[in-house]
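# Coordinates in review
Now for the letters of each chain:
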Amino acid sequence: MSALVLDAGPLVAVDRDDRAMIARLQVAGRDGLELRSNAMVVAQVWRDRQGRQASLARLLRAVDVRAVDQQDGRDAGVLLAAAGTADPIDATVVLLAAPGDRILTSDPGDLSRLAAAAANRPVIIAC
């Protein structure tokens, strides 16, 4: 099964109740795409201690949110050096993707550079 890996952009859109993004992600799930992200991406968008980010919380229940460990950090650093970019969270997003996966992002430029440098070569989709 292929996955749709989520960068912060789609999560921010859902948090802002962007109905088009919510529908897009619902269709992806119904079409059998696994929704995947990591804990650092969640950290970029989660701000409410009281849990009032209801739309985002609902989405996250359907997303395979993975931890970032020491090896992931090292691999991300190597990928950043190879791509000539600087955002470690972007690098961890690219590393989540397997061949054939797609990454949904509001930052297609940097993620495209990282994807080109990565062995997995995910498809970058701008949102």
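Described below are features of the structure shown in this document. (Residues numbered from 1 in each chain as written. Predicted model: local features only at pLDDT ≥ 70, side-chain atom pairs only at ≥ 80, totals over all residues. Heavy atoms only, no water.)

A few words on the nonpolar core. Counting residues in each nonpolar core, the largest one holds 35 residues, and the members touching the most others are Leu4, Leu6, Leu11, Leu25 and Leu35. Among the elements that take part in this core, helix α6 (residues 88-96) stands out by supplying 5 residues, more than any other. Aside from chain neighbours lying at most four places away, what touches Leu35 is Leu4, Leu6, Leu25, Ala28, Leu59, Ala62, Val63 and Asp64. (Core = buried A, V, L, I, M, F, W, Y, C linked by side-chain atoms within 4.5 Å. Buried < 20%, exposed > 50% of the residue type's maximum accessible area, 1.4 Å probe, protein only. Helix = DSSP H or I, 4+ residues; strand = E, 2+ residues; numbered from the N terminus. Contact = heavy atoms within 4.5 Å.)

On to the packing of helix α1 (residues 8-15) against helix α2 (residues 19-30), then. The interhelical angle for the contact between α1 and α2, taken along N-to-C directions, is 120°, at an axis separation of 7 Å. Classified by the angle their axes make, α1 and α2 are oblique. Judged by the sense of rotation from one axis to the other, the crossing of α1 with α2 is left-handed. The residues of α2 that touch α1, namely those facing Pro10, Ala13 and Val14, are Met21, Ile22 and Leu25. Of the residues in the contact of α1 with α2, the class split is 6 nonpolar, no polar and no charged. (Axes fitted to C-alpha atoms, helices over the stretch in contact; angles between N-to-C directions. Parallel < 35°, antiparallel > 145°, perpendicular 65-115°, else oblique. Left-handed = near helix turned anticlockwise from the far one by under 90°. Nonpolar A, V, L, I, M, F, W, Y, C, P; charged D, E, K, R; others polar.)

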